[in-house]
Amino acid sequence: MQKRGLAVLLATVILGSSLTAAGGETVPLPFGAKLPAFELVYESEVTISPPVDFGDTLEGHRRVIPITGGSFRGPTMRGTVMAGGADWNLTRRDGGSSVEADYYLRTDDGVVIRIHNQGVTGPANTPPAAEAPEIFYMYTTPTFEAPGSSRYDWMNRAVFFGTLQGRKGRTDAVLIRVFRLL
């Protein structure tokens, strides 16, 4: 254990960077690597219709939530959320939940971008329905499909994470923030 600790310390001094693993252990980064940073791509308010309840399935309780529109705005892009998408929501048998949404953005300069957004929360983070808070919060991993000839082509090759949050006092909209890892 002492040799491992000394190796980590030397690697940290030589490389200049390290990170803390889930178990609390300090792990050096590979030579030339840096800790990831992120930047806001956009924030959107996505409007939704009441869910269509499919009931219990083999995987859990399934609902489909229609996406009816909305808007998004970020430092370099803005536009509308197009109606017609949906979120396939699942309350799993283990008590966790997942979302999987497909929909389209239309930028103010007329470019249509497809988004596929997935998120999972475990049972420890999902309160029972009777105790559910008014506002929910979940991390997501969005991916984008933008036209290669557009100024948004960079979205096809970047890595993103997002947040999905309920709106206080509203059941007709959610707040989604998307960040790009740098």
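Refer to the preceding data block for the structure.
Note that the coordinates shown come from a computational prediction; the quantities given were computed from them, not determined experimentally. Chains are numbered independently. Their residues run from 1 in the order of the written sequence. Given that this is a predicted model, residues contribute local features only at a pLDDT of at least 70 and side-chain atom pairs are listed and counted only at 80 or more, while totals for whole chains, interfaces and linings are drawn from all residues. Computation of side-chain values covers all heavy atoms of the structure but excludes hydrogens and water.

A. Region of interest: the packing of aromatic side chains. Each aromatic pair joins two rings of Phe, Tyr and Trp (for Trp, the six-membered one) with centres within 6.5 Å, and gets the label stacked for planes under 30 degrees apart, edge-to-face for over 60, and tilted for any other angle. Under the defined criterion, the tally for this structure stands at eight aromatic pairs. Arranged with centres 5.1 Å apart and planes meeting at 20°, the rings of Phe161 and Phe179 form a pair that is stacked. Residue Phe161 is located in strand β11 (residues 160-166), and its partner Phe179 is located in strand β12 (residues 173-181); the two are separated by 18 residues in the primary sequence. Exposure classes here rest on a 1.4 Å probe applied to the protein chains alone. A residue is buried below 20% of its type maximum, exposed above 50%, and partly exposed in between. Take Phe179: its relative accessible area is 15%, and that puts it in the buried class. Aromatic rings pair up to connect Tyr42, Phe72, Phe144, Trp154 and Phe160 into one cluster. Each helix corresponds to a stretch of at least 4 residues labelled H or I by DSSP, and each strand to a stretch of at least 2 residues labelled E; elements are numbered beginning at the N terminus.

B. Representation of the environment of Thr121 in the model. Structurally, Thr121 is set in strand β9 (residues 112-121). Here Thr121 falls in the buried class, since its relative accessible area comes to 11%.

C. Structural view of the side chain of Thr140. In this structure, Thr140 sits in strand β10 (residues 137-145). Owing to a relative accessible area of 4%, Thr140 belongs among the buried residues under this scheme. Between N or O atoms, a polar contact is any pair within 3.5 Å; within protein, one atom must be a potential hydrogen donor and the other a potential acceptor, and residues adjacent in sequence are included only when both atoms are from side chains. A distance of 3.0 Å separates a polar atom in the side chain of Thr140 from a polar atom in the side chain of Asn117. Residues are treated as being in contact if the distance between any of their heavy atoms lies within 4.5 Å. Residues in contact with Thr140, not counting those within four places in the same chain, are Asn117, Gln118, Gly119, Phe161, Gly162, Thr163 and Leu164.

D. Structural detail: a nonpolar patch on the surface. Patches in this entry comprise residues that are over 30% relatively accessible and not in a salt bridge; like charges within 9 Å are linked, as are nonpolar side chains (Val, Leu, Ile, Met, Phe, Trp, Tyr) within 5 Å. Under the convention used here, a 1.4 Å probe and the Shrake-Rupley method define accessible areas, while residue burial counts only the protein chains that appear. Salt bridge, as applied in this entry: a Lys or Arg side-chain nitrogen positioned within 4 Å of an Asp or Glu carboxyl oxygen. On the surface, Phe38, Val159 and Leu181 cluster together into a nonpolar patch covering about 280 Å² of accessible area. For Phe38, the location among the structural elements is in strand β3 (residues 38-48).

E. Here's a closer look at the pairing of strand β7 (residues 86-92). Paired strands, in this sense, are two strands between which DSSP finds at least two bridges. One ladder, built from seven bridges, connects strand β5 (residues 60-73) with β7; its direction is antiparallel. Within the sheet, the bridge partner assigned to Arg63 lies in β7 and is Asn89. Here β7 pairs with strand β8 (residues 97-107) via four bridges, running antiparallel. By the bridge assignment, Asp87 is partnered in β8 with Ala101. Here β7 folds back onto β8, and the loop between the two strands holds four residues, one of which, Gly95, carries a positive phi near 95°.

F. Highlighting the pairing of β3. Two elements, β3 and β12, share nine bridges in a ladder whose sense is antiparallel. Across the sheet, Glu45 pairs through a bridge with Leu175, a residue of β12. With six bridges joining them, β3 and β5 adopt antiparallel strand pairing. Each residue of the ladder has a partner; that of Thr47, found in β5, is Gly69.

G. Fine view of the pattern of salt bridges. According to the stated counting rule, one finds eight salt bridges in the structure shown. Among the salt bridges present, the one from Asp102 reaches Arg114, with a minimum N-O distance of 2.8 Å. Of this pair, Asp102 sits in strand β8 while Arg114 is found in strand β9, placing the two residues twelve residues apart along the sequence. Looking at Arg114, the relative accessible area reads 29%, which means it is partly exposed. Arg151 is the partner of Asp109 in a salt bridge, and the nearest nitrogen-oxygen pair spans 3.1 Å. Highlighted residues: Asp109 in the loop between β8 and β9 and Arg151 in the loop between β10 and β11, separated in sequence by 42 residues. Among the residues examined, Asp109 registers a relative accessible area of 43% and is labelled partly exposed.

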